[in-house]
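Coordinates in review
Each chain, letter by letter, is given below.
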Amino acid sequence: MQFLLDNISTIASLVGTGIFAGLLAGMLGVGGGIVIVPVLFFLFQALGVSAESAMVIATATSLATIVPTSVSSIRAHHAKGNVDFALLKAWAVFILAGVLLGSYAVTIVNPTYLTLLFGAIATLSALNMLIGRKEALFNGLPGKGGQSVMATCIGLFSSMVGIGGGTLTVPTLTFCNYPAHKAVGTAAAVGLIISLPAAITLLTVGDTPADAPFATYGYVNLLGFACIVPLTVLFAPVGANIANKLDAGLLKKIFAIVLIITGVRMLAQVML
């Protein structure tokens, strides 16, 4: 009981993060990481954590939360036949190589660069939501060499900034004239390939910062994980029901604008 009283504001904030991420995932179909990382980044700073520590802990905690939610998502998409296991088999080793390299980079790179990278990816992703091309840029996927580079880069950058498969995998595949529904389903499986090894690496190899919030092991905040995961799963269907009653296109534009503001704010925090 005393623990709850001592950490009530932190727990309430993490619960709010889980609800918010779940609602947006259901309403807009966006991956949890693109929401969870910036929320945790600013939340941990409000709790007295330095910006550098806040970024690596937010990244690792986000990756940990993606593991169980991606498993649930894979099952749902597989039931509809929307997971391309042949593509996953061809890409898996390259994604994993990128993840291991990216996870290692998180432990040695100045966290300021991770903040810059996330801010850039978030801003570009939001701009793609607002004004991105709807038609494919290419007639199909490149050859094996090109696909290996694509898969490695997806694993590398996703693990460095704490996002799952959807943010980078879906636009990459759809730009190559890949069916949108299969891109989304396959991206869910990519998210598991990214998040599981990355979370384990950052949990076991990461050197816990001195100013880390309570219950942080390695770089993963286990209290955040425990609060966020069940609420994300619980509120995603609620968000989907809300989307059915509202203009999903308008909601996505509003979210994109908010994401741009968030990304620019993160960039400004480390550049100014």
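Residues numbered from 1 in each chain as written. Predicted model: local features only at pLDDT ≥ 70, side-chain atom pairs only at ≥ 80, totals over all residues. Heavy atoms only, no water.

Digging into the overall build of the protein
- For the protein, the helix and strand inventory stands at 11 helices and two strands.
- Starting at the N terminus and walking to the C terminus, you meet the elements of the protein as α-α-α-α-α-α-α-α-α-β-β-α-α.
- Taken over C-alpha atoms, the radius of gyration comes to 18 Å for the protein, in line with the 19 Å a tight globule of 272 residues would show.
- Taking the principal axes of its C-alpha atoms as reference, the protein extends roughly 60 × 45 × 40 Å.
- Excluding contacts between residues fewer than 6 apart, the proportion of contacts in the protein whose partners are at least 24 apart in sequence is 80%.
- Counting 11 positive and 7 negative side-chain charges, the protein places the averaged centre of each group 18 Å from the other. (Helix = DSSP H or I, 4+ residues; strand = E, 2+ residues; numbered from the N terminus. Rg over C-alpha atoms; globule rule 2.2 N^0.38 Å. Contact = heavy atoms within 4.5 Å. Lys, Arg positive; Asp, Glu negative; His and termini not counted. Charge placed at Lys NZ, Arg CZ, Asp CG, Glu CD.)

Quick look at the side chain of Ser 103
- Within the fold, Ser 103 resides in helix H5 (residues 85-108).
- Filtering out sequence-adjacent residues up to four positions away, Ser 103 remains in contact with Ser 159, Ala 198, Thr 201 and Leu 202.

Focus on the environment of Val 264
- Its place among the elements puts Val 264 in helix H11 (residues 248-271).
- Val 264 sits in the partly exposed class, given a relative accessible area of 42%.
- Through-space distance from the C-alpha of Val 264 to that of Gly 119 is 6.3 Å; in sequence the pair is 145 residues apart. (Buried < 20%, exposed > 50% of the residue type's maximum accessible area, 1.4 Å probe, protein only.)

A look at unusual backbone geometry
- Although it is not a glycine, Asn 177 adopts a positive phi angle of roughly 65°.
- Of the residues examined, Asn 177 reaches a relative accessible area of 48% and is grouped as partly exposed.
- With a phi angle near 70°, Ala 215 is a residue other than glycine that sits in the positive phi range.
- Looking at where Ala 215 falls in the secondary structure, it is placed in the loop between helix H9 (180-204) and strand E1 (216-217).

Section: helix H7 (residues 144-161)
- Helix length check: H7, at 18 residues, gives a terminal C-alpha distance of 26 Å against a target of 26 Å (1.5 Å per residue), a fit within 8%.
- Taken as a whole, H7 has its buried residues at Gln 147, Ser 148, Met 150, Ala 151, Ile 154, Gly 155, Leu 156, Ser 158, Ser 159, Met 160 and Val 161.
- Buried residues belonging to H7 abut helix H3 (33-46), helix H4 (51-79), H5, helix H6 (111-131), helix H8 (166-175) and H9.
- Just downstream of H7 lies Gly 162, where phi reads positive at about 80°. (Expected span 1.5 Å × (residues − 1).)

Comments concerning the packing of aromatic side chains
- For the structure shown, the criterion picks out one aromatic pair.
- Arranged with centres 5.0 Å apart and planes meeting at 65°, the rings of Phe 41 and Phe 42 form a pair that is edge-to-face. With respect to burial, Phe 41 and Phe 42 carry one shared label: buried.
- The side chain of Arg 265 reaches across the aromatic face of Phe 42, ending 4.2 Å from its centre. (Phe/Tyr/Trp six-rings, centres within 6.5 Å; stacked < 30°, edge-to-face > 60°. Lys NZ or Arg CZ within 6 Å of the ring centre and 35° of its normal.)

Concerning the side chain of Gln 147
- Position of Gln 147 relative to the elements: it lies in helix H7.
- Beyond its immediate chain neighbours, meaning those up to four positions away, Gln 147 contacts Leu 87, Trp 91, Leu 141 and Pro 142.

Brief notes about the nonpolar core
- Membership of the largest hydrophobic core comes to 67 residues, with the highest contact counts inside it found for Ile 34, Leu 40, Trp 91 and Phe 118.
- Filtering out sequence-adjacent residues up to four positions away, Ile 34 remains in contact with Phe 118, Ala 122, Ile 163, Thr 167, Phe 255 and Leu 259. (Core = buried A, V, L, I, M, F, W, Y, C linked by side-chain atoms within 4.5 Å.)

Some points on the confidence of the model for the protein
- Here the protein shows a mean pLDDT of 86. Residues at 70 or above account for 93%.
- The least confident element of the protein is helix H1 (residues 2-6), whose mean pLDDT is 54; the most confident is strand E2 (residues 220-221), at 96. (pLDDT = per-residue confidence, 0-100.)

With respect to a nonpolar patch on the surface
- Taken together, the side chains of Leu 124, Leu 127, Leu 130, Ile 131, Ile 257 and Ile 261 make up a nonpolar region of the molecular surface, amounting to roughly 580 Å² of accessible area.
- Sorting the residues of the nonpolar patch by element identifies H6 and H11 as the ones contributing at least two each.
- For the nonpolar patch, the element with the most residues is H6, which contributes four residues.
- Mapped onto the secondary structure, Ile 131 falls in helix H6. (Patch = residues over 30% accessible without salt bridge, like charges linked within 9 Å, V, L, I, M, F, W, Y side chains within 5 Å. Areas by Shrake-Rupley, 256 points an atom, 1.4 Å probe, with all protein chains shown as cover. Salt bridge = Lys/Arg side-chain N within 4 Å of Asp/Glu carboxyl O.)

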